[in-house]
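Single-letter residue listing:
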Amino acid sequence: MTQHPALTPLTHATHGHPGHKSVFRLDVWYDVSMQQRYDDRPDIHLTTLPVTSAPEDHAATLQQAHAYQISSAKDETPARWFADERLLAHMPDLLCVSTSGSGYDTVDVEACTRAGVLVMNQAGANARSVAEHTLGLMLGLNKRLAESDHRLRRGGDFSREDLMGRELHGKTLGLVGIGHIGRRVAELARAFGMHVIAHDPLLDAETIGQRGARPVTLPVLLGEADIVSLHCPRQADTLDLFDAQAFAAMKPGALFITTARGGIHSEAALTAALQSGHLAGAGIDVWDVEPPPQEHPLLQMSNVMATYHTAGVTHEARRNIATWAADQLLATLDGQVPPRLLNPEAWPRYAERFQRLLGA
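Conventions adopted
Residues numbered from 1 in each chain as written. Predicted model: local features only at pLDDT ≥ 70, side-chain atom pairs only at ≥ 80, totals over all residues. Heavy atoms only, no water. Helix = DSSP H or I, 4+ residues; strand = E, 2+ residues; numbered from the N terminus. Rg over C-alpha atoms; globule rule 2.2 N^0.38 Å. Buried < 20%, exposed > 50% of the residue type's maximum accessible area, 1.4 Å probe, protein only. Contact = heavy atoms within 4.5 Å. Areas by Shrake-Rupley, 256 points an atom, 1.4 Å probe, with all protein chains shown as cover. Lys, Arg positive; Asp, Glu negative; His and termini not counted. Charge placed at Lys NZ, Arg CZ, Asp CG, Glu CD. Pairing = 2+ DSSP bridges. Axes fitted to C-alpha atoms, helices over the stretch in contact; angles between N-to-C directions. Disulfide = S-S within 2.5 Å. Parallel < 35°, antiparallel > 145°, perpendicular 65-115°, else oblique. Left-handed = near helix turned anticlockwise from the far one by under 90°. Nonpolar A, V, L, I, M, F, W, Y, C, P; charged D, E, K, R; others polar. 1 Å grid on protein atoms, 1.4 Å probe; cavity = no way out; pocket = protein on both sides within 12 Å on 5 of 7 lines; lining within 4 Å. Points joined across faces, edges and corners; volume = space filled by probe spheres on them. Right-handed = clockwise from strand over helix to strand, strands pointing away.

J.: In this structure, what is going on with the overall build of the protein chain? I would like to understand it.
T.: When helices and strands are tallied, the protein chain shows 13 helices and twelve strands. For the protein chain, whose C-alpha radius of gyration is 22 Å, the value lies close to the compact-globule estimate of 21 Å for 360 residues. Counting only C-alpha atoms, the protein chain reaches 70 × 45 × 35 Å along its principal axes. When each of the 360 residues of the protein chain is scored for burial, the buried share is 51%. In the protein chain, of all internal contacts separated by at least 6 residues, the share reaching a separation of at least 24 is 68%. For the protein chain, the accessible surface area stands at approximately 16,500 Å², while carbon and sulfur atoms represent 52% of it. Of note, the protein chain has its 31 positive side-chain charges centred 4 Å away from the centre of its 41 negative side-chain charges.

Encoded structure:
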């Protein structure tokens, strides 16, 4: 959780006026705990709009909206509903945008900042679920679980030795990013007897060590790790971070895992690294297009374990996200500083707008 000690909570907004604070969301799947949080607040008016509709169809709702609860999934949310400059033009009273996950691919943070609109995410709410999924992909690839399952279902002659796997114990795991998720992956990996190294340009060496990994540079990580796992955000400096050069720098026979975001790795470069035999396998939960087309070359490989951005889709994680999102959004509309604020630089203009729209 990010703290912003320099920001001061605002004058508490008035309560007890039904409809005084307007929140809207699209009718994508949310855990019922979110609705329960809003139902407990008579001063909040929540509107759910059809995801198939267009902003122009709901002019009155958008003009009065103070908050937008938005999905983090870019391929679940039509581009016309992205929180960008075009949509913001329909919402003169919008004060904040809250994503339904740690990602914010559906939000133009810079446009929101210019408009004095706060952006917050739910970083950490699904961290344990994603970490467990990451270990599942590691185990599946090392033990060749999917291959064995498919071979048994297809039938034919083969020996157990044809599907011989490897243990995780004693292997070196390289984490690219050791934030909320990465630190939990490190914890689980150590329980399996793995050696954990990590590269994270946002953290100093001492912090990385405290989170259970030996700090290294990215080139050292690529050269030492038996398994490389991505846990960094998708942003300008990480797009195509794992290109042909990066995959070539990995140890021959290494495994590549990503539960981060599509676009951080080049799918074409990964395909080539697997086809050449340089890499032994890959576990992929995130894609450039989600879900990927059935004819995608990575889906044709028996040494690829593929999932559909489901690492954080568990009952527990979805409940966490729903309650965290609702609680943070409600606290923000009450004048508090959101604990997972992504654009604190928007605060001065936001504060002026808040006092004008909702101040007591």
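J.: Sorry if this is basic, but what is going on with the sheet that holds strand 5 (residues 118-120) here?
T.: Strands pair in a sheet through their backbones, by hydrogen bonds, and they do so in one of two ways: parallel or antiparallel. The five strands are arranged 2-1-3-4-5 in an open sheet whose pairing can be described as parallel. Of all the strands in the sheet, just strand 2 (44-49) and strand 5 have a single pairing partner and so form its edges. Taken pair by pair, the neighbouring strands of this sheet meet at an average axis angle of 20°, ignoring direction. Summarising the sheet, strand 3 (residues 67-70) and strand 4 (residues 96-99) pair through four bridges and their orientation is parallel. Across the sheet, residue Ile 70 finds its bridge partner in strand 4, namely Thr 99. The sheet strands contacting helix 12 (residues 315-333) are strand 1 (21-26), strand 2, strand 3, strand 4 and strand 5, and the helix crosses strand 4 at an angle near 170°.

J.: In this structure, what is going on with the state of the cysteines? I would like to understand it.
T.: Disulfides are covalent bonds that connect the sulfur atoms of two cysteines. Counted according to the given criterion, the structure contains zero disulfides. Cys 96 takes part in no disulfide bond, and the closest cysteine sulfur, belonging to Cys 112, lies 10 Å away. Residue Cys 96 is classed as buried on the basis of its relative accessible area of 0%.

J.: Would you mind showing me how to read the packing of helix 1 (residues 32-39) against helix 12 here?
T.: Geometrically, a packed helix pair is captured by the angle between its two axes and the distance between the axes. For the pair helix 1 and helix 12, the least separation of the axes is 7 Å and the interaxial angle reads 25°. Between helix 1 and helix 12, the angle is such that the two are roughly parallel. The handedness of the crossing between helix 1 and helix 12 is right-handed. Contact residues: Ser 33, Met 34, Arg 37 and Tyr 38 in helix 1; Arg 319, Ala 322, Thr 323, Ala 325, Ala 326, Asp 327, Leu 329 and Leu 330 in helix 12. Its residues placed into classes, the contact of helix 1 with helix 12 shows seven nonpolar, two polar and three charged.

J.: What is the right way to read empty space enclosed by the protein from this model?
T.: As enumerated under the stated definition, the model contains two cavities of 30 Å³ or more in all. Lining the largest cavity, in full, are Gly 140, Leu 141, Arg 144, Leu 145, Ala 146, Glu 147, Ser 302, Asn 303, Val 304 and Met 305. Within the residue set of the lining of the largest cavity, elements represented by two or more residues are helix 5 (127-143), helix 6 (145-154) and strand 12 (304-306). Looking at the lining of the largest cavity element by element, the count peaks at three residues for helix 6. A breakdown of the residues in the lining of the largest cavity according to their chemical character gives five nonpolar, three polar and two charged. For the second largest cavity, the calculated volume is near 40 Å³. Around the second largest cavity, the lining residues are Ser 72, Ala 73, Lys 74, Asp 105, Arg 261, Gly 262, Trp 287, Glu 290 and His 309. The residue inventory of the lining of the second largest cavity, partitioned by class, reads two nonpolar, three polar and four charged.

J.: Sorry if this is basic, but what is going on with the layout of surface pockets here?
T.: Its volume calculated, the second largest pocket comes out at about 340 Å³. Around the second largest pocket sit 19 residues that line it, and Asn 142, Arg 166, Gly 253, Leu 255 and Ala 280 are the ones nearest its centre. Elements supplying a minimum of two residues to the lining of the second largest pocket: helix 5, strand 10 (254-258) and strand 11 (279-284).

J.: Please clarify how the pairing of strand 4 should be interpreted in this entry.
T.: Side-chain direction in a regular strand flips from residue to residue, so the side chains alternate between the two faces of the sheet. Every second residue of strand 4 is oriented toward a common face, with Cys 96 and Ser 98 on one face and Val 97 and Thr 99 on the other, all of them buried. Direction of pairing for strand 4 relative to strand 5: parallel, over a ladder of three bridges. The partner of Val 97 across the bridge, within strand 5, is Val 119. A crossover links strand 4 with its parallel partner strand 5, the connecting element being helix 4 (residues 109-115), and its sense is right-handed.

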